[in-house]
Amino acid sequence: MADVSTQAQKQVIEVAFRPDIHRPLAAANAIGDVTQKLGLFERLSEKTWLRRLAVILVLVIAWELYARYASNELMFPSFSNTALAWWEGVRSGVLIRAVYGTMQVLLLGYAVAIGISALITTLAISTRVGTDVLATMTAMFNPLPAIAILPLALLWFGLGVTSLVFVIVHSVLWAVSLNTLTGFLSVSQTQRMVGRNYGLKGVGFVLRILVPAAFPSILSGLKIGWAFAWRTLIAAELVFGVSGSSAGLGWYIFQNRNALETANVFAGLLTVIIIGLLVEGVVFRSIEAVTVRRWGMQNS
Amino acid sequence: MQQTNGRNTSPSEPLLAVDGVTLQYATRQQIVTATHRVSFDMYEHDRFVLLGPSGCGKSTLLKSIGGFLSPVEGEIRLKGQRIARPGPDRMIVFQEFDQLLPWQTVLQNVVFPMRTAGRFARGEWEDRARAAIAKVGLGKFVDAYPHTLSGGMKQRVAIARALAMEPAVLLMDEPFAALDALTRRRMQEELLDLWAEIRFSMIFVTHSIEEAILLASRIVVMTPHPGQIIAELDATRFAHDQSGSDEFVSFHKQINGMLFGQQKVANG
């Protein structure tokens with residue numbers, strides 16, 4: 001609008017003629033290397049695990065330095081003492097048994113939850129009502145902390161593995177279902193039509209089109225579910241200790257706190273962290289490497 | 001238009017009959033009439049092009065032939081059989097590049113419909129797939145994943161995947177619309193070469209008059225709001241590289257006039 005006055009002047013600008021130019025191309029071998037290799041440092045810094053290892057190293061050094069400075073083994077044991085306590089726990093088998101006990105319950109609960117989740121999301125995606133029901137249920141139950149229903153679980157199933165499995169299922173089920181359902185719903189219309197074009201429907205359609213197409217989302221649901229299951233179980237073990245025959249990691253931590261073996265408490269926590277890192281960095285990353293990253297559905 | 005039992009379609013009977021078809025689809029607020037009583041007959045080996053501006057219902061019509069949408073009036077018959085649901089006898093090539101399943105390699109993508117539809121003997125799948133991929137010039141890329149391919153290559157794989165099934169009719173929904181102009185041009189020529197070799201029957205949807213004339217043996221010109229067929233034109237006289245000829249230009253003008261004139265009336 002501001003240009004109305006200048007437009008009104010109608011200044012005519014001509015572009016002067018310039019002759020064509022033709023250039024001979026340089027021969028390919030005269031240009032030299034088109035690609036060049038990166039330096040060693042640049043290549044190493046491309047490795048994600050190496051960068052993360054550096055972060056862990058820095059944290060460990062900071063821990064050790066602070067503990068030595070504070071010099072209070074009862075409240076804040078140093079890394080070296082924690083590592084010693086950890087090694088002692090592993091060697092004596094106490095820590096191994098604790099991890100084994102926890103893992104057993106954890107994997108059982110996790111597997112049951114994934115099974116139920118697969119069933120209800122498959123049922124839910126087939127109809128619009130089902131989708132609404134599941135979406136509402138996940139919205140209701142996902143924010144409810146699993147540990148909050150532990151008293152109820154104890155009332156219903158008593159003091160034992162069943163109660164633990166129940167709270168784990170609760171913590172995993174909604175997170176996984178929510179992610180799976182969201183993944184299913186965001187599968188592109190084209191890919192759905194491709195599947196139906198081949199005559200796929202029902203469970204075959206879900207398994208062969210929806211599940212792989214929504215796999216990035218399902219995988220992140222599984223990761224979140226795994227983290228939730230860990231937290232829930234450790235917390236539950238802290239609350240009621242021995243479950244059935246095996247005492248878990250939570251109980252190990254709780255017991256050592258009572259005995260004021262703080263280095264052992266740290267060793268227990270360190271174990272939780274190590275297992276978490278292993279599952280995230282090895283198990284889930286390998287699954288990602290052969291699936292979503294190979295398929296170009298996820299970049300990092 | 002008499003009913004046939006669908007066994008043997010002699011050349012005098014249409015392969016695909018679209019008979020007084022009215023299509024409607026629902027959006028969140030309203031029911032839209034996409035086409036109003038459109039009819040045409042398509043014969044075997046036809047390169048049948050549905051041409052029209054956006055909103056003329058050509059893609060909706062193609063989806064209905066694909067079995068994704070039932071007509072509210074009229075019916076569509078393939079070899080005399082009423083089309084009721086999607087099926088692999090009508091393989092579709094879409095415009096979107098994500099029609100290739102990203103979790104499968106090129107070879108797996110081409111084998112996949114044979115496996116799910118139980119078409120051909122199990123032992124033939126891979127050979128047929130490799131042959132089809134080689135035919136579109138991607139023999140070196142059988143084990144590549146789709147995300148490593150360019151847009152044109154992805155569309156070639158989609159065409160190979162559809163042709164390997166030997167469908168009764170190949171449905172193409174603006175398959176080259178998302179490609180750059182140079183690739184698009186090459187793909188059109190390759191498609192014609194493939195047709196010359198295999199003589200498949202296809203319905204091709206486009207909004208480009210030039211593409212329609214280049215590819216079609218027969219052009220259906222559609223106008224929007226709601227979609228209706230204004231003309232069905234023969235285009236067999238135009239071969240590959242005639243896009244500059246006087247006849248091509250005047251044909252182009254004729255179709256342009258049909259679409260442009262009608263649009264003015266429709267818009268008031």
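Residues numbered from 1 in each chain as written. Chains lettered and ligands numbered in written order. Predicted model: local features only at pLDDT ≥ 70, side-chain atom pairs only at ≥ 80, totals over all residues. Heavy atoms only, no water.

Peer 1: Go over the nonpolar core, please, and point to the residues and values.
Peer 2: Within the largest apolar cluster, 143 residues are counted, with the highest numbers of intra-cluster contacts made by L16, F40, I203, I219 and I255 of chain B. The leading source of residues in this core is helix α9 (residues 161-185) of chain A, at 11 residues. Mapping this core onto the domain boundaries places at least three of its residues in each of domain 1 (34-76 + 170-268) and domain 2 (103-166) of chain B. Sequence-distant contacts of F40 of chain B, defined by excluding residues within four places in its chain, comprise L16, A17, V18, F48, L50, L61, I65, V220, I229 and E232 of chain B. (Core = buried A, V, L, I, M, F, W, Y, C linked by side-chain atoms within 4.5 Å. Buried < 20%, exposed > 50% of the residue type's maximum accessible area, 1.4 Å probe, protein only. Helix = DSSP H or I, 4+ residues; strand = E, 2+ residues; numbered from the N terminus. Domains from an automatic or database assignment. Contact = heavy atoms within 4.5 Å.)

Peer 1: Now, about the packing of helix α5 (residues 79-92) of chain A against helix α14 (residues 262-290) of chain A: what can you tell me, with residues and values included?
Peer 2: Think of two packed helices as two axes; the pair is described by the angle between the axes and how far apart they sit. Residues and elements named next belong to chain A. Orientation of α5 relative to α14, taken along the N-to-C sense of each, is 80°, at an axis distance of 8 Å. Between α5 and α14, the angle falls in the class roughly perpendicular. Residues N81, T82, A85 and W86 of α5 form the contact with α14, whose participating residues are A263, N264, F266, A267, L270, T271 and I274. Taken together, the residues of the contact of α5 with α14 break down into 7 nonpolar, 4 polar and no charged. (Axes fitted to C-alpha atoms, helices over the stretch in contact; angles between N-to-C directions. Parallel < 35°, antiparallel > 145°, perpendicular 65-115°, else oblique. Nonpolar A, V, L, I, M, F, W, Y, C, P; charged D, E, K, R; others polar.)

Peer 1: Give me the domain arrangement of chain B: which residues, what numbers.
Peer 2: Residue and element names in this part refer to chain B. The domain boundaries assigned to chain B delineate domain 1 (34-76 + 170-268) and domain 2 (103-166). Once you take the C-alpha centre of each, domain 1 and domain 2 turn out to be 26 Å apart. Taken residue by residue, the interface counts 14 residues in domain 1 and 9 residues in domain 2. In total, domain 1 and domain 2 occlude about 910 Å² of area from one another, counting both sides; carbon and sulfur atoms represent 74% of this. Broken down residue by residue, the surface that domain 1 buries against domain 2 is led by L170, M187 and L194, which jointly contribute 42%. Between R156 and E190 there is a salt bridge whose closest N-O contact spans 2.8 Å. Those elements that provide at least two residues to the side of domain 1 that touches domain 2 are β7 (170-173) and α5 (181-198). Sorting elements by how many residues they give to the side of domain 1 that touches domain 2 places α5 first, with 8 residues. Its residues assigned to classes, the side of domain 1 that touches domain 2 shows 10 nonpolar, 1 polar and 3 charged. (Buried area = accessible area lost by both parts, 1.4 Å probe. Salt bridge = Lys/Arg side-chain N within 4 Å of Asp/Glu carboxyl O.)

Peer 1: I'd love a proper account of the interface of chain A and chain B, names of residues and values included.
Peer 2: Counting residues at the interface gives 19 residues for chain A and 24 residues for chain B. Approximately 2000 Å² of surface area, both sides summed, lies buried where chain A meets chain B, with 65% of it carried by carbon and sulfur atoms. Contact with chain B buries area across many residues of chain A, yet M193, N197 and Y198 of chain A alone supply 35% of it, more than any other trio. There are 0 salt bridges connecting chain A and chain B. Counting every contact that joins chain A to chain B gives 9 residue pairs in polar contact (both at pLDDT 80 or more). Elements with a contribution of two residues or more to the side of chain A that touches chain B: α10 (189-197) and α11 (202-213) of chain A. Considering each element in turn, the side of chain A that touches chain B owes the most residues, 6 residues, to α10 of chain A. Along the lines of polarity and charge, the residues of the side of chain A that touches chain B split into 9 nonpolar, 6 polar and 4 charged. (Polar contact = N/O pair within 3.5 Å; in protein donor to acceptor, adjacent residues only side chain to side chain.)

Peer 1: Provide a residue-level description of the sheet that holds strand β4 (residues 73-78) of chain B, including the pertinent values.
Peer 2: Residues and elements named next belong to chain B. Spatially, β2-β1-β4-β5 is the arrangement adopted by the 4 strands of the open sheet, whose pairing is antiparallel. Each edge of the open sheet is held by one strand with a lone partner, namely β2 (31-42) and β5 (81-82). Against the sheet, helix α1 (residues 58-65) touches β1 (16-26), β2 and β4, its axis set at about 115° to β1. (Pairing = 2+ DSSP bridges.)

Peer 1: Residues and numbers for the sheet that holds strand β3 (residues 47-51) of chain B, please.
Peer 2: All names here are of chain B. Ordered by their spatial adjacency, 6 strands build an open sheet running β6-β7-β8-β3-β9-β10, and the pairing between neighbours is mixed. At either end of the open sheet lies a strand with only one pairing partner, and these are β6 (92-93) and β10 (228-234). Strand direction decides the pairing type here: strand β9 (residues 218-223) and β10, joined by 6 bridges, are antiparallel. Note that in β10 the partner of M222 across the bridge is I229. Strand contacts of α5: β3, β7 and β8 (202-206), with the helix running at about 165° to β8, the strand carrying the most contacts.

Peer 1: So what's going on with the environment of T232 of chain A? Which residues, and what values?
Peer 2: Residues and elements named next belong to chain A. Considering the arrangement of structural elements, one finds T232 in helix α12 (residues 215-240). With a relative accessible area of 9%, T232 lands in the buried category. Sequence separation between T232 and S117 is 115 residues, and the spatial gap between their C-alpha atoms is 18 Å. Leave out the neighbours within four places in its chain, and T232 touches A146, I147, V167, I168 and S171. Within the local environment of T232, its side chain forms a polar contact with the backbone oxygen of F228, the two atoms lying 2.7 Å apart.

Peer 1: Which residues make up the pattern of salt bridges, and what values go with them?
Peer 2: A full pass over the atoms with the stated rule returns 19 salt bridges over all chains. R77 of chain B is paired through a salt bridge with D19 of chain B; the nearest N and O atoms lie 3.5 Å apart. Of this pair, R77 of chain B sits in strand β4 while D19 of chain B sits in strand β1; the two residues are 58 residues apart in sequence, bridging distant segments of the chain. For R77 of chain B, a relative accessible area of 6% gives the class buried. Residue classification places D19 of chain B among the partly exposed positions, given a relative accessible area of 28%. Linked by salt bridges that have partners in common, K223, E280, E288 and R293 of chain A make up one network.

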